[in-house]
Amino acid sequence: MDYTGLIQMLLEDMESPAPSGAKRIITFADPRHYDAFELTLQELKALHPDWPDLPTSRALKAVLTPLSGSAKHLDPYKNDILIEEDSLVQVHTLANKTSQGPGIPYGVKQIQAPKAWSTSTGYRIKIGVIDTGADYYHPDLRGSLAKGINLLNRHMLPFDDNGHGTHIAGTIAAANSTEGMIGVAPRATIYPVKAFDHNGSAYVSDIIQGIDWCIRNRMHIINMSFGMKTRSKALLEIVNKAYVSGISIIASSGNDSKRRNIDYPAKYPQTISVGATDRHRRIASFSNRGEFIDIYAPGDKIISSWTQGKYHEMSGTSMATSHVSGAIALLLAQNPDLMPDEIKALLQQTATPIKSRKGQRRPVEGLEVNALKLLKEGMKKKKPKP
């Protein structure tokens, strides 16, 4: 395979991208070819230090790069490489409005997290939140945020220019008991991974790099409050790599009121897919539901932290996902040896049944997370130290 020729083609594409801004993810039919490609790239960079960087992912063994509108010129390599559209992904949220600090929000109470705090507060659990960033100056998050990474500008902290990521972080780990709010796991540590811009949009390639960063930095949990309708082989591969490495991946199912389908990546079995309930413990009208949902959590009219030290009320399966991530943090702080499949099973075994509305055939429509029962059952499975 002519790696030098392929590299030169990709570099030319970077210099003249399509007007539409089309991007591609390139993987290799034989993953071993990536190593030879990367070695050739390093050799060429040493000879030509002024050449632009080709974004790559060792974890995925892929090239993540903008390309010209047509990939026809890459046909000579069609038996050696796989090309897929680098799709745009949106955060899973509906309308929001300004609010006051809620103290302990109803959702945190509904999943019985406060009753678990005498046993666990999520201490030392690392949660990668792939989102729009976080407000590092918010009084409720000052003690909850680590450095993280800004994938859109690696020279800057992952500051939130949208609000969604700050809202997610607050529900998971806000810790201001005197005048602000408290999240589900107030002593867990959030690592903001900024892959989404001020509009709440990200490319699949940025999300892949975010998951890659979480694997390399040994996160215990990845919160993914976003989704898309199309399947991505490259995204599935990196999700699987995180799963195999022992990371619990919590993903929102989408806000389309669908009964037989949910968004990706929540549809991948390696994730824990989350639907939303309301304060009456009913499935929220906007939430996707059905067989692909692993667990539900409060996601309707959730008040949490916002940029500029404020608070907003938001609805969406995004909000539900952050409750589940917090509950798992409480569990892992007490039993860090649990693997993702064990955690999913425990979530479902200890959940509160969601009763169906009148007139529906099934008596139970789903399962809502119960942090207290989850923690109690999870501690029973703790392996004694030798």
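Note that the coordinates shown come from a computational prediction; the quantities given were computed from them, not determined experimentally.

Novice: Describe in detail helix α5 (residues 204–216), supporting the description with residues and values.
Specialist: Between its terminal C-alpha atoms α5 stretches 18 Å, which fits the 18 Å expected from 13 residues at 1.5 Å a residue. Of all 13 residues that make up α5, twelve are buried, and the element is covered over most of its length. For α5, every residue scored as buried is listed here: V204, S205, D206, I207, I208, Q209, G210, I211, D212, W213, C214 and I215. Phi for R218, located one or two positions after α5, is positive at around 55 degrees.

Novice: Break down helix α4 (residues 164–173) for me, citing the residues and quoting the values.
Specialist: With respect to burial, α4 is a largely interior element, ten of its ten residues being buried. Listed as buried for α4 are H164, G165, T166, H167, I168, A169, G170, T171, I172 and A173.

Novice: So what's going on with the UniProt feature "active site" (unreviewed entry) in the chain? Residues and values would help.
Specialist: Sites flagged by UniProt as "active site" (unreviewed entry) map to D131, H164 and S318. A maximum C-alpha distance of 10.3 Å places the annotated residues, which cover 188 residues in sequence, within one compact spot. Excluding residues that lie within four positions of it along the chain, D131 makes contacts with V91, H164, G165, I168, V193, K194, A195, F196 and S225. Looking at the element boundaries, H164 is found in helix α4.

Novice: Can you break down the sheet that holds strand β12 (residues 226–227) residue by residue, with the values?
Specialist: A sheet is described by the order of its strands in space; here three strands give the open sequence β10-β5-β12, paired in antiparallel fashion. This sheet does not close on itself; its edge strands, each paired only once, are β10 (201–203) and β12. Where strand β5 (residues 88–91) and β10 come together, three bridges link them in antiparallel fashion. Bridge assignment links L88 to a residue of β10, and that residue is Y203.

Novice: Outline the packing of aromatic side chains, supporting the account with residue identities and numerical values.
Specialist: Scanning the model with the defined rule gives eight aromatic pairs in all. Ring geometry for Y136 and F159: centres 5.6 Å apart, planes at 80 degrees, overall edge-to-face. On the criterion of sequence distance, the pair formed by Y136 in the loop between β7 (126–131) and β8 (149–150) and F159 in the loop between β8 and α4 is long-range, its members being 23 residues apart. Residue F159 is classed as partly exposed on the basis of its relative accessible area of 30%. Both rings, one in F196 and one in F226, keep their centres 5.0 Å apart while their planes meet at 45 degrees; by these two values the pair is tilted. Separated by 30 residues along the polypeptide, F196 in the loop between β9 (189–194) and β10 and F226 in strand β12 bring together distant segments of the chain.

Novice: Talk me through the UniProt feature "domain: Peptidase S8/S53" (unreviewed entry) in the chain; I want residue IDs and the actual numbers.
Specialist: Here, UniProt's "domain: Peptidase S8/S53" (unreviewed entry) annotation points to residues 124–353. Helix makes up 27% of residues 124–353 and strand 21%, whereas the separation of the span's terminal C-alpha atoms amounts to 31 Å.

Novice: Any chance you could break down the environment of P265 for me, citing the residues and the numbers?
Specialist: Mapped onto the elements, P265 comes out in the loop between β13 (248–252) and β14 (272–277). Relative accessible area serves as the criterion here: at 1%, P265 is assigned to the buried category. Residues P265 and K229 lie 36 residues apart in sequence; the distance between their C-alpha atoms is 9.0 Å. Excluding residues within four positions of it along the chain, P265 makes contact with M224, F226, G227, L235, A251 and T271.

Rules of the game
- Residues numbered from 1 in each chain as written.
- Predicted model: local features only at pLDDT ≥ 70, side-chain atom pairs only at ≥ 80, totals over all residues.
- Heavy atoms only, no water.
- Helix = DSSP H or I, 4+ residues; strand = E, 2+ residues; numbered from the N terminus.
- Expected span 1.5 Å × (residues − 1).
- Buried < 20%, exposed > 50% of the residue type's maximum accessible area, 1.4 Å probe, protein only.
- UniProt positions renumbered as here; feature names shortened; annotations may be inferred.
- Contact = heavy atoms within 4.5 Å.
- Pairing = 2+ DSSP bridges.
- Phe/Tyr/Trp six-rings, centres within 6.5 Å; stacked < 30°, edge-to-face > 60°.

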